[in-house]
Amino acid sequence: AAALVEAVTAAGKEAQLLEEPKMPIPRRTKSTPLSRDSDGMKHPAAFMVTAGTAPARGSGGVEPTPPEVSSRPSSTSLSTSVFNALGMGGDSEETCVLSIEGMTCASCVLAVERALFSVPGVVTVSVSLMGKRGQVCYKPSEVAPEDLCNAVQQMGFRSAQMAEADLMGGNDAEETQQWRAQLLGSLVFSLPTFVIAMILPETPLRDALHTTVVPGLSVGVLVLWLLSTPVQFVFGMQFYKRAFKAVSHGNANMDVLVALSTTVAYFYSAFFTGLRMLHCQGIYLFRRHNHQLLLLHACADGDDCQLEDSSLHSCTDIAILDVCFEVSTMLISFMLLGKYLEASAKGKASEAVMKLMALQPPSAMLCVDWPVNKEPPKEVLVAELRSGDVLQVLPGSVVPADGVVVRGESAVDESMLTGEAVPVSKQVEDSVVGGSYNGPGPLWICVTAVGANSALSKIMSLVAAAQMRKPQVQAFADRASAIFVPCTVSLALLTWLIWYLCVYAGGLSPQLVAASGLPSGQVLAFSFGVAVLVIACPCALGLATPTAVMVGSGVGAKHGVLFKGGDVIENASRVTALIFDKTGTITSGALTVAAVVSWDAELSSDELLWFVASAEQYSEHPIGRAIAMHATEMGLELGAARALRSITSRGVSCEISRRPLLLGNRAWMTQHGVVIGAEQEEQIAAHEATGKTVVIVSLDHTLSGIVAMGDSVKREAAAVVKQLGLWGIEVWMVSGDNERTVRHVAHSVGIERFVGGVTPEGKKTKLAQLQAEGHVVAMVGDGINDAPALAQAQVGIAVGSGTEVAIETADVVL
């Protein structure tokens, strides 16, 4: 602490040590600096930095903070000076996340990455098209985030550094609604266009479509022309705008190809519709004469001006299939459909992170005068908490921040972190995690981690970062897309040129031109070039695979397997290692009564269960609820309990039918003078060795029996593990539960490789270790604690009965 004061003083600020209330801090907590007082009690060491302001919640004698100055001095204003003064500064690498608006395809992603890599000081870049953001690792001594944003903006995209609060997700509902409105608007015109062009010509209505409006123009062609125009120039205008912006910055992206191909298809149809109308008026725009192209050759008599080698359909035989207005219309609608689905998928990905954020309450009850507690707790925003604050957590409420218990006892449900169904007993010096649910007893905790340092924030960051990972196949697609558009345009021009040279050299037979129904060989050559351009439209490239995946995914859905993308199916075929979580995957994930054992010769197991369930029927504890539910399912009519007393982490005492009853653990029995014999202790230990929780029962002050609670293994688990082994897949079990329980469950289903007591980060680390060994890893989980590993795995598989965050983070849902 003295070194910190000297460092701040050297930086030109005033600093002094402040006395803080003594509060116990567990040995495993490392986030709070500890000092040792004369009494040997560890407590946080604090100091005050004076820079024209006084600290909030200072000790007695500190002057109040002026109203115009924030009551919480910012750490960022002094961080650089302090680190430099302590000699901790250096040319380390930092990471920032940029929001990038305007990207529409993989070509845009590659252009942004190239622009960022061209900035000196940039180490690594990962750009997410779906997330509309880029993660950049850079050297702050060489480049600033503002320079990175400028580099992206010079490519024609909007960019800004994202704040920490924005990294956790965003609201994509507005974007999704915009694309939905565009799609529905285009479908009003494109669906009738499809029906008229593709279906009605095969029905008796064909003759009606061929009714002549004016010579050379039929009803069908006119309606197609009118329907396709608003789609092309109203709903397709955004593709024109983005294509123009891309070309102006030297980037040929998919928008360029969409705009080019749909424009060519539209004007191709309009041109030949007009050409036919002129032909019927005796005006011929194309005529071969000595291999020269003659334009605007008007004839007084159409019969004297027939084309030498080809002819249009007669004015009374106007075919809808000669035009392709429906091509441009349907292409634009398909592209809008793709944009809408993309926005919806991005919103679903964001929802996974938003659900994590919802676990943290917005406010907390702050003990302003701890440990005196003369004043009632004050409600403050969680964002205003800092390390060292003491909070009151009421029964049934959510723990607002990471901390350690300084007073009280309770059972805390940490399933959001560990995935385990059994609440964890908490007492003084035990750690608690923000976002977990407090049980029946009140707790007072000392905050040890806030903001980005909290366990929940770290899980959210891990999920968000893993979702930005770029598979190898996507990186290859990005590189290919950079040359796809130029190659497509070049091939279209080359196709036209080759066919035109054939026509010019006389190498094209008149019969072939006549069979095409086009007015000349030059027009036929042009139509071939247009065909290359239209067929290479990204709709053909981007919708063929999704359509096939849609069919395959539908078959999987019928069998209870939901795939979230075609790449997932592809990656699943290459899996060489699979990691199971325990709770909710191998096991059912819910506490059940595994065994009821009576040691009283005059008391049956059902009668013992009746006494226990009668005492627990109104319990809020998961063990008590499970016992009461089991008894109800057996049809037992429960009795009334009197003088009920419940002690957190110990047990329950009451009277039922005027008989004293004790339920609880060994310490509870010892406290009440109930002796556990060696034989009974051996049975209790045997159940605990198999991962079960044992409730000891004493009736009439005599040891009467036990109720063993367990998380049962799923019936099909062993068969699945055996089949995976036959396929040559290396199977692991990695769980947050204790090593003994994990070992028992793993052996019961035939899994030889297992690790217990693992945190969410540890699961992700183990997965990364297997990936580094060359494995293609699949992860099977169901809890929030599994979300980082599910996102990191090549194939993340979530059990459908699990948490929504795990389901939405995974690639496959069972």
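See the structure printed just above.
Values in this document were obtained by computation on a predicted structure and should not be read as measured data.

## Looking at the overall build of the protein chain
Part 1 of the argument: The secondary structure content of the protein chain amounts to 28 helices and 36 strands.
Part 2 of the argument: With 814 residues in all, the protein chain has 45% of them scored as buried.
Part 3 of the argument: Relative to all contacts within the protein chain whose residues are 6 or more apart in sequence, the contacts with residues 24 or more apart total 65%.
Part 4 of the argument: Summed over its atoms, the accessible surface of the protein chain is roughly 39400 Å², and 58% of this surface lies on carbon and sulfur atoms.

## Considering the packing of helix α8 (residues 219-235) against helix α9 (residues 237-248)
A pair of packed helices is captured by two measures, namely the crossing angle of their axes and the spacing between those axes.
Part 1 of the argument: Axis separation between α8 and α9 bottoms out at 4 Å; the angle between their running directions is 40°. What the angle tells us is that α8 and α9 run oblique. Residues Q232, F233, V234 and F235 of α8 form the contact with α9, whose participating residues are M237, Q238, F239 and Y240.
Part 2 of the argument: Grouping the amino acids of the contact of α8 with α9 by side-chain chemistry returns six nonpolar, two polar and no charged.

## Brief notes about the side chain of N438
Part 1 of the argument: Along the chain, N438 falls in strand β22 (residues 437-438).
Part 2 of the argument: Given a relative accessible area of 5%, N438 falls into the buried group.
Part 3 of the argument: Polar contacts involving the side chain of N438 include one to the main-chain carbonyl oxygen of G441, which spans 2.8 Å.
Part 4 of the argument: Discounting residues that sit within four places of it in the chain, N438 has contacts with V393, L394, P395, G396, S397, S410, A411, V412 and L443.

## A closer look at the pairing of strand β5 (residues 94-101)
Part 1 of the argument: Two strands pair when backbone bridges link them, and β5 and strand β7 (residues 133-138) are joined in this way by six bridges, in the antiparallel orientation. Looking across to β7, one finds that E94 is bridged to Y138.
Part 2 of the argument: Of the strand pairs in this sheet, β5 and strand β8 (residues 158-161) are connected by four bridges, and their pairing is antiparallel. Pairing of L98 across the sheet is with Q161, part of β8.

## Some details on a nonpolar patch on the surface
Part 1 of the argument: Together, L491, L494, W496, L497, I498, L501 and F526 make up an exposed nonpolar region whose accessible area comes to about 640 Å².
Part 2 of the argument: By residue number, the principal contributor to the nonpolar patch is helix α14 (residues 472-504), which donates six residues.
Part 3 of the argument: Here L497 is to be found in helix α14.
Part 4 of the argument: Judged by its relative accessible area of 37%, L497 is partly exposed.

## Considerations on the packing of aromatic side chains
Part 1 of the argument: In total, this model carries 11 aromatic pairs according to the counting rule given.
Part 2 of the argument: Centre to centre, the rings of F233 and Y240 are 6.4 Å apart; their planes meet at 10°, and the pair counts as stacked.
Part 3 of the argument: By relative accessible area, which is 22% here, Y240 ends up partly exposed.
Part 4 of the argument: A ring pair is formed by Y266 and F267, whose centres lie 5.2 Å apart and whose planes are at 90°; its orientation type is edge-to-face.
Part 5 of the argument: Aromatic rings pair up to connect W225, F233, Y240, Y266, F267 and F325 into one cluster.
Part 6 of the argument: Across from the ring centre of W444, 5.6 Å away, lies the NZ or CZ of R407, which sits over that ring.

The rules we used
- Residues numbered from 1 in each chain as written.
- Predicted model: local features only at pLDDT ≥ 70, side-chain atom pairs only at ≥ 80, totals over all residues.
- Heavy atoms only, no water.
- Helix = DSSP H or I, 4+ residues; strand = E, 2+ residues; numbered from the N terminus.
- Buried < 20%, exposed > 50% of the residue type's maximum accessible area, 1.4 Å probe, protein only.
- Contact = heavy atoms within 4.5 Å.
- Areas by Shrake-Rupley, 256 points an atom, 1.4 Å probe, with all protein chains shown as cover.
- Axes fitted to C-alpha atoms, helices over the stretch in contact; angles between N-to-C directions.
- Parallel < 35°, antiparallel > 145°, perpendicular 65-115°, else oblique.
- Nonpolar A, V, L, I, M, F, W, Y, C, P; charged D, E, K, R; others polar.
- Polar contact = N/O pair within 3.5 Å; in protein donor to acceptor, adjacent residues only side chain to side chain.
- Pairing = 2+ DSSP bridges.
- Patch = residues over 30% accessible without salt bridge, like charges linked within 9 Å, V, L, I, M, F, W, Y side chains within 5 Å.
- Salt bridge = Lys/Arg side-chain N within 4 Å of Asp/Glu carboxyl O.
- Phe/Tyr/Trp six-rings, centres within 6.5 Å; stacked < 30°, edge-to-face > 60°.
- Lys NZ or Arg CZ within 6 Å of the ring centre and 35° of its normal.

Everything listed here is a matter of coordinates, which is why it stays silent on function.
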